[in-house]
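The primary structure of each chain is shown beneath.
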Amino acid sequence: MSTGDALRSAEARMLHAAVRGDHRVSKRIARRELGGDWPVELHTAAFVLAARRRFPPSVDRRMTTRFAWKMVKSAPGAENFLIRHVDGILRFGMGDGQLVESLLVEDFGEILFAALLALLDDLEFEDSDVTALLAEAEHMVGARPADLRLKPGDIKVSDLDYRRYQLVGRRYLADKDWLPSRPEDIRPPRDAGDEFLRGEPATLTGRHVRAVLLRDSAQEADLDDLANIDLLRVVRSTFAIMINRYLYPDPDVREIDQLVARAHPGGSEPDFLKVEYLARTAMREKPPMDGLTGRDVYMACWWMLAVITDDWGRDEAAITSAVLEAEEAVAESGHRLR
């Protein structure tokens, strides 16, 4: 007899059978007791419990990215997921509610199920542990805090091909893969400092970027006179220079997210997690950039540059210096700016 027989609700018994790979039983319960529905609420609660056991609040958020990367590369059926979406769902499970907007994707239900299985593998759960988790999830349903409420859409069992996913009986993250926990306190951003390059931008593109950041519309160039690729290169390089002065070296992802939360207008593309990944890239990390376009990069850089510039009181010397360095960096890469 499976330990899952001790579970009270049909939803928990169905999910237990699905997790174990007993799809005949899970389908029978769904059809006879649940009217064909997939137990979304219970599934979400079980996932949240598993995510928070694997990734406690003090964890370095880069660990969820590592986990998502390994899961997409090696978990059965997960090869078509975007790493960013798996990472976002894991972070949602941890309570990072600002990522909800990034998660409303077509395959949300399948990612959630595959990620639950991967977490159970990484936690090295036995069948009795899974039963205990689902029993706890039964009590959690209906009493979840507001930061965990999500409307993923009408997920029916017929729409969720969960038979593609299975437990593999091994961990995705070894002990050696783990980064040290982060302190609870988040450091405030830094001021502009006082070590600047002196001079004037040598290119039309550089002068235009400086004028926009200083909100000096009289000095802005006619966009028809600028090459889009020049503008993207200078904006991205200026952003990389300024964020590395604004944040401390090796920043906590939560410190980056403070900037992103202030910069992101909400309800817009690129979504929150795309912007976060771009900022992490500028801070010399290498998150997966799948799905990010040149337009995403351009918009996200401008949004965050506006916040940094305002926090620095639109310090002309600091901004000019960053643009001068950006021009130099672009020139050193072999590109000739207008």
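Since we're looking at a predicted model, the values are computed, not measured.

> Talk me through the packing of aromatic side chains; I want residue IDs and the actual numbers.
Each pair of aromatic rings is reported with the distance of its centres and the angle of its planes. In this structure the tally under the stated criterion is nine aromatic pairs. When the centroid spacing of 5.9 Å and the interplanar angle of 65 degrees are considered together, the rings of Phe 67 and Tyr 172 count as edge-to-face. Remark: Tyr 172 occurs in the loop between α7 (127–140) and α8 (204–213) and Phe 67 occurs in helix α4 (residues 62–74); sequence separation between them is 105 residues. The lysine or arginine in question, Arg 170, covers the ring of Tyr 172, its NZ or CZ lying 5.2 Å from the ring centre.

> Tell me about unusual backbone geometry, and name the residues and values.
A cis amide bond links Glu 269 with the next residue in sequence, Pro 270, at an omega value of 5 degrees. Position of Pro 270 relative to the elements: it lies in the loop between α10 (253–263) and α11 (272–282). Here the phi dihedral of Asp 250 falls at roughly 50 degrees; this positive angle occurs in a residue that is not glycine. The topology assignment puts Asp 250 in the loop between α9 (228–246) and α10. Judged by its relative accessible area of 45%, Asp 250 is partly exposed. For Arg 284, which is not a glycine, the phi torsion comes out positive at approximately 75 degrees. Along the chain, Arg 284 turns up in the loop between α11 and α12 (294–311).

> So, the nonpolar core: which residues are in play, and what are the values?
In this structure, Trp 38, Phe 47, Phe 55, Phe 67, Met 71, Phe 81 and Phe 113 are the most contacted members of the largest nonpolar core, which totals 62 residues. The element best represented in this core is helix α6 (residues 108–122), accounting for 11 residues. Excluding residues within four positions of it along the chain, Phe 55 makes contact with Met 63, Thr 64, Phe 67, Leu 90, Met 94, Leu 119, Leu 173 and Trp 178. Counting residues in each nonpolar core, the second largest holds 46 residues, with Val 297, Ala 300, Cys 301 and Met 304 among its members.

The rules behind these values
Residues numbered from 1 in each chain as written. Predicted model: local features only at pLDDT ≥ 70, side-chain atom pairs only at ≥ 80, totals over all residues. Heavy atoms only, no water. Phe/Tyr/Trp six-rings, centres within 6.5 Å; stacked < 30°, edge-to-face > 60°. Helix = DSSP H or I, 4+ residues; strand = E, 2+ residues; numbered from the N terminus. Lys NZ or Arg CZ within 6 Å of the ring centre and 35° of its normal. Buried < 20%, exposed > 50% of the residue type's maximum accessible area, 1.4 Å probe, protein only. Core = buried A, V, L, I, M, F, W, Y, C linked by side-chain atoms within 4.5 Å. Contact = heavy atoms within 4.5 Å.

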